[in-house]
Amino acid sequence: MSHVDDSAPRQSIAHILSALSHALDLVEGQPRGHATRTAFIALRLAEELRFDDNQRKELLYACLLKDSGCSNNSARIHKMFGGDDLITKQRVKLIDWSSTLESVKFAYLNMEPGGNVVGKLRRMAAAIGTPEGTMNDLTRARCTRGAQIAQLLGFGEAVSIAIRDVDEHWDGKGAADKRKGEEISLYARVINLAQTLEVFASTFSPETAFGIIKQRSGRWFQPELVKAVSALEADSRLWSRHAHHLSGVDAPLWEEDWIEEASQADLDAICGAFAEIIDAKSDFTSSHSSRVTEYAVAIAVEFDFDQERLSTLRRAALLHDIGKLGVSNAILDKPDRLTNEEYENVKLHPKFSFEILNRIDGFERIAQIAGAHHEKLNGCGYWRGLAGADLDLDMRILAVADIFDALSAERPYRSALPMEKVWQILDEEAKTAIDPDCVDAAKRLQIYKKISVV
């Protein structure tokens, strides 16, 4: 990452990534704060291993970004298993998926939820192949992309390799490249142990979690690391803070002198990277966030926004759909009309966006704009049902940009609409629901030509 300068906000890179990692927890089907709590456990283990400050810093970044490639396999998991990909991801973390017997059993129980035996077996034969090959493919897609994102953010090879290796096992039977023993990054060995502890401690109890760790010693985990982590079992302060954080007490889990502050360039890079993570969730949202950002900024220039205001709008546009990571692909990719229950689920995503972004100091305005992108002037939008004067110009611009892209891009239930039809719908909406001046600005720009001003 870049060096901080005098104009940079006084926010640490780690705390920004910690807040945004809540979205990654959603897409992995984990309670919010999973990656942060994993990092807390890993840093505590790093003390036992006598890591220096630079090692702890790299370990922390790798923990917070360990699931940054998780949206890359969501669509495939849904197509493969059917049902809710978030639930499937949650459940797979509670089994020993390196065991062929457990993997086959898991596939059968989670394949075609609610279906009969014949349907389950047919889907398994058509979609799964060997459990080992399937896990390798899914893990490779996730870990490779996560490693690329770490590189994109400039965190260096050690962090990138840790994310690449995070699901490798000490005995060589993990995924995706069957690395064994010390071929696996030390950071990855620590993170794999820490995240397993976190998942089982959050789902059951620390006692259960340590039982699992000991059972998997020599298979999943390096025996020396299991011995080192045993010192944490009686660490009441660690598990008390873990329980408080799990229950919703949103206090920082670390305060270290070596944590780097974020520059403006860092913030832009992080927002851009997370926009890519968001858009990878569904085959139908590729580049959606970047297009919406381009449209929104182009319209804002028409209203003479200054650079600071443009920067805030740009970041809000890039991250406006971050809450959609918490929506199952069974809903996002559904080719038919949504049920009322499914639609209510979709309507929560701007709320999630607001809650995640509002956790970051200095992002309050970004959270407000992003959280309002589905609100309507007539009060018929969601999630708050804001109306009229409650919606400022920045929010109105983002709403128009988002609707424009939704109409002009392909969706699972229809092809992209012709431009004539897009403008017709926008004109109709401008009578009561969206800002007519923003629509007029979009028309003047003919934004579908994708004039880049970002």
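Treat the numbers as computed from the prediction; the structure is a model and nothing was measured.

A. Here's a closer look at the overall build of the chain. The number of helices and strands found in the chain is 23 helices and 0 strands. Sequence-distant contacts in the chain: of pairs separated by 6 or more residues, those separated by 24 or more amount to 70%. Just so you have it, the chain exposes about 19,200 Å², and 49% of that area is on carbon and sulfur atoms.

B. Spatial organisation of helix α22 (residues 419–429). Regarding α22, the residues found buried are Val422, Trp423 and Leu426. Taken down its axis, α22 places every buried residue within 90° of arc, on the same side. Buried positions along α22 lie against α21 (393–408) and α23 (436–445).

C. Up close: the pattern of salt bridges. Taken as a whole, this structure holds 33 salt bridges when the rule is applied. Between Glu48 and Arg44 there is a salt bridge, and its shortest N-O distance comes to 2.7 Å. In this pair, Glu48 and Arg44 both sit in helix α2 (residues 34–48), 4 residues apart, roughly one turn of the helix. Judged by relative accessible area, Glu48 falls into the partly exposed class, the value being 34%. A residue is classified by how much of its surface remains accessible, and Arg44, at 16% relative accessible area, is buried. In this structure, Lys351 and Glu355 form a salt bridge, with 2.6 Å as the shortest nitrogen-oxygen distance. Of this pair, Lys351 and Glu355 both sit in helix α19 (residues 349–357), 4 residues apart, which is roughly one turn of that helix. Judged by relative accessible area, Glu355 falls into the partly exposed class, the value being 26%.

D. A look at the packing of aromatic side chains. Applying the stated criterion to the full structure yields 9 aromatic pairs. On the basis of an interplanar angle of 25° and a centroid distance of 6.1 Å, the ring pair of Phe200 and Phe204 is categorised as stacked. For the pair Phe404 and Trp423, a centre-to-centre distance of 5.4 Å together with 45° between the ring planes defines the contact as tilted. With Phe404 in helix α21 and Trp423 in helix α22, this residue pair connects regions lying 19 residues apart in the sequence. Residue class for Phe404 comes out buried when judged on its relative accessible area of 1%. Exposure remark for Trp423: the relative accessible area of 11% places this residue in the buried category. Of the aromatic side chains, those joined through ring pairs into one cluster are Tyr295, Phe404 and Trp423.

E. Region of the structure containing the side chain of Ser202. Mapped onto the elements of the fold, Ser202 is located in helix α10 (residues 186–203). On the basis of relative accessible area, Ser202 is assigned to the buried category, the value being 17%. In terms of polar contacts, Ser202 uses its side chain to reach the side chain of Glu198, at 2.3 Å. Not counting residues within four places of it along the chain, the set of residues in contact with Ser202 comprises Arg37, His242 and Leu246.

F. Inspection of empty space enclosed by the protein at higher detail. Here the structure, examined in full by the defined rule, presents 5 cavities of 30 Å³ or more. Roughly 50 Å³ of internal volume is contained in the second largest cavity. Contributing to the lining of the second largest cavity are Ala372, Glu375, Lys376, Leu377, Leu391, Met395, Arg396, Ala399, Ala433, Ile434 and Asp435. Residues that form the lining of the second largest cavity fall into these classes: 7 nonpolar, no polar and 4 charged.

G. Region of the structure containing the environment of Ala399. Looking at where Ala399 falls in the secondary structure, it is placed in helix α21. Taking the C-alpha atoms as reference points, Ala399 and Ile369, 30 residues apart in sequence, are found 9.3 Å from one another. In this structure, Ala399 is in contact with His373 and Glu375, ignoring residues within four places of it in sequence.

H. Representation of the packing of helix α14 (residues 264–279) against helix α15 (residues 288–302) within the structure. Two elements in contact, α14 and α15, have axes whose closest approach is 7 Å; the angle formed by their N-to-C orientations is 125°. Classified by the angle between their axes, α14 and α15 sit oblique to one another. Along the contact surface, α14 presents Ala275, Ile278 and Asp279, while α15 presents His288, Ser289 and Ser290. In the contact of α14 with α15, the residues fall into 2 nonpolar, 3 polar and 1 charged.

I. α19, seen in detail. Counting buried positions along α19 gives 7 out of 9 residues, so the element sits mostly inside the fold. Among all positions of α19, only His349, Pro350, Phe352, Ser353, Phe354, Ile356 and Leu357 are buried. Contacts made by the buried residues of α19 are with α1 (13–27), α16 (307–319), α18 (340–346) and α20 (364–371).

Conventions and cut-offs
- Residues numbered from 1 in each chain as written.
- Predicted model: local features only at pLDDT ≥ 70, side-chain atom pairs only at ≥ 80, totals over all residues.
- Heavy atoms only, no water.
- Helix = DSSP H or I, 4+ residues; strand = E, 2+ residues; numbered from the N terminus.
- Contact = heavy atoms within 4.5 Å.
- Areas by Shrake-Rupley, 256 points an atom, 1.4 Å probe, with all protein chains shown as cover.
- Buried < 20%, exposed > 50% of the residue type's maximum accessible area, 1.4 Å probe, protein only.
- Arc of directions from axis to C-beta.
- Salt bridge = Lys/Arg side-chain N within 4 Å of Asp/Glu carboxyl O.
- Phe/Tyr/Trp six-rings, centres within 6.5 Å; stacked < 30°, edge-to-face > 60°.
- Polar contact = N/O pair within 3.5 Å; in protein donor to acceptor, adjacent residues only side chain to side chain.
- 1 Å grid on protein atoms, 1.4 Å probe; cavity = no way out; pocket = protein on both sides within 12 Å on 5 of 7 lines; lining within 4 Å.
- Points joined across faces, edges and corners; volume = space filled by probe spheres on them.
- Nonpolar A, V, L, I, M, F, W, Y, C, P; charged D, E, K, R; others polar.
- Axes fitted to C-alpha atoms, helices over the stretch in contact; angles between N-to-C directions.
- Parallel < 35°, antiparallel > 145°, perpendicular 65-115°, else oblique.

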